[in-house]
Amino acid sequence: MHELSVTQSILDISLRHAKEAGAKQITAINLVIGEFASIVDDSVQFYWDLLADGTIAQGAQLHFERIRGEMTCTNCKHSFHPKETDFTCPNCESQFVQITKGDEFRVDSIDVE
Amino acid sequence: MTTRVPIVEKILSANDHMAEENRARIESAGVFSINLMASPGAGKTSLIEQTLSRLKDILRVAVIDGDIATSIDSDRAAAAGAQTAIQINTGGDCHLDAIMLRSALDQLDLTKIDLLIVENVGNLVCPASFNLGTQRSILVASIPEGDDKPYKYPGMYRGVQVLIVNKMDLLPYVPFNMDYFRKGLEVLNPGVVTFPLSCKTGEGIDAWTDWLVGQVKVAT
Ligand SMILES: Nc1nc2c(ncn2[C@@H]2O[C@H](COP(=O)(O)OP(=O)(O)OP(=O)(O)O)[C@@H](O)[C@H]2O)c(=O)[nH]1
Ligand SMILES: [Mg+2]
Ligand SMILES: [Zn+2]
């Protein structure tokens, strides 16, 4: 499924930055993944091992940092950790809330040699 | 020697940004919008038809239908009384994304709409990862799919705010252990708003449309 293309994106980003840094080898990728991001660690590492084969990122370890979710009410600006079902603002009961933490799915840094 | 190169680049940044824009646009127009996701054939279009048959005279409803190639579903929505029915052909993609929704929104006059229903491509994996910008994500499960689906597709079951269990009329004919299904659901998405119903018999549809009307009132 699209985990493959997501893993490809991580690889593209990593290789681009490694090249800019003049690196010979990427040893680790440090990913930050929020509570609401639906990617599974295992499948990304699985695709990684296939896709990175033959690149300077071959054999790199993927590290996942998990971020607790947070929502912020667009009405009263109250921030809260939502119950997984009820995204209503606990302060003013507004339905209009935005995810302010927990949607992270980013490449934070890479370790290179 | 190992050095750390800071990057800080979002993988799905382009999509997320666009979804936020869509949401702001929909909210500022006072429209309530839902993203219906399900496996192929679970009954997304049937549910849209049932919903329209009850609400078309009291709400102005637009339907955006995502499909790989055909316009069968948007034709069904138009025939069922949608004020506007727009087809998005993804050209092979397994999910809608926020950019596709934006181009569909460009074809709509949001000021003339109360409720926007988006039917995603039939798929239990990929649509869950791509925010569209609707206020609610809704999963349409159905009895013949089997009771193990929460366990097999946790990303989808975890990522929705409302669950519809369709084809309840088939419960006597299909081996489906409701307790096992609910147990998986409780772990992933405790207390999720659930509507068991049948688009064939009409059982349970009123509870669903009552909820929908309530949400539209809050959004306006
Ligand atoms: N028995 C029974 N059949 C149903 C029910 N709801 C839908 N169906 C049938 O299920 C089949 C698929 O329904 P659709 O509404 O087209 O499903 P869909 O999810 O929109 O399918 P795709 O858009 O192709 O992914 C049709 O033959 C419907 O008549 C129901 O409640 N009970
Ligand atoms: Mg359909
Ligand atoms: Zn609030």
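This write-up is about the structure you can find in this document. (Residues numbered from 1 in each chain as written. Chains lettered and ligands numbered in written order. Predicted model: local features only at pLDDT ≥ 70, side-chain atom pairs only at ≥ 80, totals over all residues. Heavy atoms only, no water.)

**What about the overall build of chain B?**
Phase 1: Along its length, chain B carries 8 helices and 8 strands.
Phase 2: Dimensions of chain B, computed from C-alpha atoms along their principal axes, come out at roughly 65 × 45 × 35 Å.
Phase 3: Looking at the 220 residues of chain B, the share that counts as buried comes to 55%.
Phase 4: Intrachain contacts of chain B at a sequence separation of at least 6 include 75% that bridge at least 24 residues.
Phase 5: Approximately 9200 Å² of chain B is accessible, and the part contributed by carbon and sulfur atoms is 53%. (Helix = DSSP H or I, 4+ residues; strand = E, 2+ residues; numbered from the N terminus. Buried < 20%, exposed > 50% of the residue type's maximum accessible area, 1.4 Å probe, protein only. Contact = heavy atoms within 4.5 Å. Areas by Shrake-Rupley, 256 points an atom, 1.4 Å probe, with all protein chains shown as cover.)

**A short note on the coordination of the zinc ion (ligand 3)**
Residue and element names in this part refer to chain A.
Phase 1: Taken together, Cys73 (SG), Cys76 (SG), Cys89 (SG) and Cys92 (SG) make up the protein donors of the zinc ion (ligand 3), found 2.2 to 2.4 Å from the metal.
Phase 2: Classification of the site at the zinc ion (ligand 3) rests on its 4 donor atoms, whose angles at the metal span 103 to 115 degrees, yielding the label tetrahedral.
Phase 3: Site description for the zinc ion (ligand 3): donor spacing in sequence, C-x2-C-x12-C-x2-C. Taken as a pair, Cys76 in the loop between strand E3 (70-73) and strand E4 (79-80) and Cys92 in the loop between E4 and strand E5 (97-101) lie far apart in primary sequence, 16 residues in all.
Phase 4: On the basis of relative accessible area, Cys76 is assigned to the partly exposed category, the value being 28%. (Donors = N, O, S within 2.8 Å, 3.2 Å for Na, K, Ca; no water. Tetrahedral: all angles 85-135°; square planar, octahedral: opposite > 155°, others 65-115°.)

**Quick word on the pairing of strand E5 (residues 115-119) of chain B**
The two faces of the sheet receive side chains in turn, since in a regular strand these alternate between them.
Residues and elements named next belong to chain B.
Phase 1: Burial analysis of E5 places 5 of its 5 residues in the buried class, the great majority of the element.
Phase 2: Burial along E5 is two-sided: the residues Leu115, Ile117 and Glu119 and Leu116 and Val118 are all buried.
Phase 3: Two strands pair when backbone bridges link them, and strand E2 (residues 32-37) and E5 are joined in this way by 5 bridges, in the parallel orientation. Among the inter-strand pairings, Phe32 is bridged to a residue of E5, identified as Leu115.
Phase 4: Two strands pair when backbone bridges link them, and strand E3 (residues 61-67) and E5 are joined in this way by 5 bridges, in the parallel orientation. Residue pairing for E5: Ile64 is matched across the bridge by Val118. (Pairing = 2+ DSSP bridges.)

**Observations concerning the coordination of the magnesium ion (ligand 2)**
All names here are of chain B.
Phase 1: Binding of the magnesium ion (ligand 2) to the protein goes through Thr45 (OG1), Asp73 (OD) and Glu119 (OE), at separations of 2.1 Å.
Phase 2: Along the chain, the residues that donate to the magnesium ion (ligand 2) are spaced as T-x27-D-x45-E. A residue pair is termed long-range when its members are at least 10 positions apart, and Thr45 in helix H2 (residues 44-55) and Asp73 in helix H3 (residues 72-79) qualify at 28 residues.

**A look at the site of ligand 1**
All names here are of chain B.
Phase 1: Around ligand 1 sit 18 residues, and of these Lys44, Thr45, Ser46, Asp169 and Cys199 come closest.
Phase 2: Between Asp73 and ligand 1, the recorded distance is 2.9 Å, taken from a side-chain N or O atom to an oxygen atom.
Phase 3: One of the side-chain nitrogen or oxygen atoms of Ser198 is found 3.3 Å away from an oxygen atom of ligand 1.
Phase 4: For the shell around ligand 1, the secondary structure elements donating two or more residues are H2 and H3.
Phase 5: By residue number, the principal contributor to the shell around ligand 1 is H2, which donates 3 residues.
Phase 6: Residues of the shell around ligand 1, tallied by class, amount to 4 nonpolar, 7 polar and 7 charged. (Near = heavy atom within 4 Å. Polar contact = N/O pair within 3.5 Å; in protein donor to acceptor, adjacent residues only side chain to side chain. Nonpolar A, V, L, I, M, F, W, Y, C, P; charged D, E, K, R; others polar.)

**Topic: the interface of chain B and chain A**
Interface size is often expressed as the accessible area that is lost when the parts come together.
Phase 1: Taken together, the contact pairs 35 residues of chain B with 33 residues of chain A.
Phase 2: Both sides of the chain B and chain A interface together cover about 2900 Å² of buried area, and 55% of this is carbon and sulfur.
Phase 3: Of all residues in chain B, Ile7(B), Glu9(B) and Ile11(B) give up the largest surface area on contact with chain A, accounting jointly for 22% of the area buried on that side.
Phase 4: Here chain B is connected to chain A by 1 salt bridge.
Phase 5: Of the charged contacts in the structure, one is a salt bridge between Arg4(B) and Asp111(A), with a shortest N-O distance of 2.7 Å.
Phase 6: Across the chain B-chain A interface, the total number found is 7 residue pairs in polar contact (both at pLDDT 80 or more).
Phase 7: Elements supplying a minimum of two residues to the side of chain B that touches chain A: strand E1 (3-10), helix H1 (13-28), helix H6 (154-158) and helix H8 (205-219) of chain B. (Buried area = accessible area lost by both parts, 1.4 Å probe. Salt bridge = Lys/Arg side-chain N within 4 Å of Asp/Glu carboxyl O.)

**A closer look at the sheet that holds strand E8 (residues 193-196) of chain B**
Residues and elements named next belong to chain B.
Phase 1: Read across the open sheet, the 7 strands follow the order E4-E3-E5-E2-E6-E7-E8; overall the sheet is parallel. Among the strands making up the open sheet, the edge pair consists of strand E4 (84-89) and E8. With strand direction ignored, the average angle separating the axes of adjacent strands in the sheet is 20 degrees.
Phase 2: Strands in contact with H3 are E3, E4 and E5; relative to E4, the strand with the most contacts, it is inclined by about 175 degrees. (Axes fitted to C-alpha atoms, helices over the stretch in contact; angles between N-to-C directions.)

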